[in-house]
Each structure stands twice: as structure tokens, then as C-alpha cells.
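Read off the chains here:
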Amino acid sequence: MRGAGRVRLAVSALTTLSRFVVVELLVRVVELERAARVLGASLDGPELAGRQLTAEDRRAVRRAQALGRRWPLGRGPCLRETLVIAWMLRRHGPVLRLGVRRDGDAVTAHAWLDVAGQRIGDAHDYRELHRAVRDTS
Amino acid sequence: MWEALDDEVVVLDLRNSQYIRINHTGARLWGLLERGASTRVLADSLIEEFGVSREGARADVGSFLTSLRRSGLLEPGG
């Protein structure tokens, strides 16, 4: 059983890693909104209510977060991590949130997820982005 | 997608995931656009607030709107 557990863990880790690779490629070649949609997330709208995350869902989130902290590619590891988690939790109808905050003269961007009534990713101090302005000029 | 931060506006161009910072003057125009202002109202606000000529204001508004449309930051009006 111990061996089987180790194999399961290795398979899960490899699966998560492969998801990061796919997401990395996707965000480089596809518009963000389309990439999110392909992975099962929306950029706005209400999240689906009433479905709780399972213990396996939470483990998958922790795996993605652990790998996201070490992900060496791209300028926005939080976006990659968030999209990977959205993909894994797509049956819950996750909503991708994007925000910005001022850090001195710089502006820092961040991504997080609202899913199954939970916020995944620290959104502290970040102000969420709104939809584009409608052209009425 | 966008958000106002103090006296500027930060806009995310969803096509390339690039963030664009719009300065104080642009932020003023952006705020009016958000409320559905016409080109004339935008130009009037520049004249009133910054004392520019009508021709100058029209040109500034025109180039601002063109750059926003080119960047896909204005959704077609309904």
C-alpha cells in the first residue's frame, strides 16, 4: 500500500506539472479570457453555488500552490497557478479574479480564484479589475 | 479590464495580458467614458479642466480614443 501511495503521489505531482506546462503555453499563445474559458473559468459572473470542495480538491490546490511557488517561467506565477487550479476545479465553475495594487511607484498585478464559496489565493489589498468600458463616444 | 488607482487608471489588455497605466488626464477621460460620455463631453472636460483650445481638446480626445480602440480597451457600444 505504501508503494501504491507513493505512485499515486508521483502521478499527481506529474499531472500537476503537466498542467502548468499546458497553462504556460496557453497564456503565451491565446488571449487570457479565452485561455480561462478553455480551462473552465470565467472572468466574471457569479460562481456556481452549492458545491463544496472535496478533500481531494483541497489536496490538488495545495499541490498546485506548492508548484506555483517554484514555477520558473513567466512573469506572473500567480496567474499560472490560478489557471491550473481553475482547470482542476472546473466542475465547480471557478471565477478568475484579477486585481492590482500600488506598491510605491509601481503597480503590482495579482490573480486569484473564487470557487465553491471560497477564495483561493491571497487577494489582500488588491483592487479587482472591472470589465472594459463600453464605447459610447 | 481596468481599475482606478488614485489618480491613474490601470488597464489590462486581455489580448496580450499586458497592463497599461493611464495618466491623470487619461484617467479623467476614462472616468467620463465609463459613465457613457460622448466625444464632445470628453473634449469639454479637457477645455474646462486644462484650459486647452477646442481644436486641441478634440485632437487629444480623438487620439486617446483611437489608442484605446486599437488596444481593444473599448467594447463596441450597444
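These numbers were taken from a predicted model, which means no experiment stands behind them.

(A) A look at the interface of chain A and chain B. Listed by partner, the interface residues are 25 residues for chain A and 31 residues for chain B. Counting the surface lost from both chain A and chain B, the interface buries some 2600 Å², and carbon and sulfur atoms represent 54% of this. Linking chain A with chain B are three salt bridges, by the criterion used here. With its nearest N and O atoms 2.9 Å apart, the salt bridge here joins Arg127(A) to Glu3(B). Counting every contact that joins chain A to chain B gives nine residue pairs in polar contact (both at pLDDT 80 or more). Counting residues per element, the ones that place at least two in the side of chain A that touches chain B are helix H2 (32–39), strand E1 (95–103), strand E2 (106–115), strand E4 (127–128) and strand E5 (133–135) of chain A.

(B) Local environment of the nonpolar core. Ranked by internal contacts, the top residues of the largest apolar core, which has 38 residues, are Leu83(A), Ile85(A), Leu96(A), Leu98(A) and Ile120(A). Top contributing element to this core by residue count: helix H4 (residues 77–88) of chain A, with seven residues. Beyond its immediate chain neighbours, meaning those up to four positions away, Leu96(A) contacts Ala36(A), Ala41(A), Ser42(A), Leu43(A), Leu79(A), Thr82(A), Leu83(A), Ala111(A), Trp112(A) and Leu113(A). In this structure, Leu33(B), Ala37(B), Leu42(B) and Leu46(B) belong to the second largest nonpolar core, which totals 20 residues.

(C) Structural view of the sheet that holds E4(A). Residues and elements named next belong to chain A. Strand order across the open sheet formed by four strands is E3-E2-E1-E4, with antiparallel pairing between neighbours. Lying at the two open borders of the sheet, with one neighbouring strand each, are strand E3 (118–120) and E4. Pairing of E1 with E4 involves two bridges; the strand directions are antiparallel. When the bridges of E4 are listed, Gly99 appears paired with Glu128.

(D) Quick look at a nonpolar patch on the surface. Residues and elements named next belong to chain A. On the surface, Leu14, Leu17, Val21 and Leu25 cluster together to form a nonpolar patch covering roughly 360 Å² of accessible area. Looking at the secondary structure, you find Leu14 in helix H1 (residues 2–29). Since its relative accessible area comes to 58%, Leu14 is described here as exposed.

(E) View of unusual backbone geometry. Here the phi dihedral of Asp125(A) falls at roughly 70 degrees; this positive angle occurs in a residue that is not glycine. Tracing the backbone through its elements, the reader meets Asp125(A) in the loop between E3 and E4. Asp125(A) gets classed as exposed once you look at its relative accessible area, which sits at 52%. Notably, Ser17(B) is not glycine yet its phi reads approximately 60 degrees, a positive angle. In this fold, Ser17(B) is placed in the loop between strand E2 (8–13) and strand E3 (18–22).

What counts as what
- Residues numbered from 1 in each chain as written.
- Chains lettered and ligands numbered in written order.
- Predicted model: local features only at pLDDT ≥ 70, side-chain atom pairs only at ≥ 80, totals over all residues.
- Heavy atoms only, no water.
- Contact = heavy atoms within 4.5 Å.
- Buried area = accessible area lost by both parts, 1.4 Å probe.
- Salt bridge = Lys/Arg side-chain N within 4 Å of Asp/Glu carboxyl O.
- Polar contact = N/O pair within 3.5 Å; in protein donor to acceptor, adjacent residues only side chain to side chain.
- Helix = DSSP H or I, 4+ residues; strand = E, 2+ residues; numbered from the N terminus.
- Core = buried A, V, L, I, M, F, W, Y, C linked by side-chain atoms within 4.5 Å.
- Buried < 20%, exposed > 50% of the residue type's maximum accessible area, 1.4 Å probe, protein only.
- Pairing = 2+ DSSP bridges.
- Patch = residues over 30% accessible without salt bridge, like charges linked within 9 Å, V, L, I, M, F, W, Y side chains within 5 Å.
- Areas by Shrake-Rupley, 256 points an atom, 1.4 Å probe, with all protein chains shown as cover.

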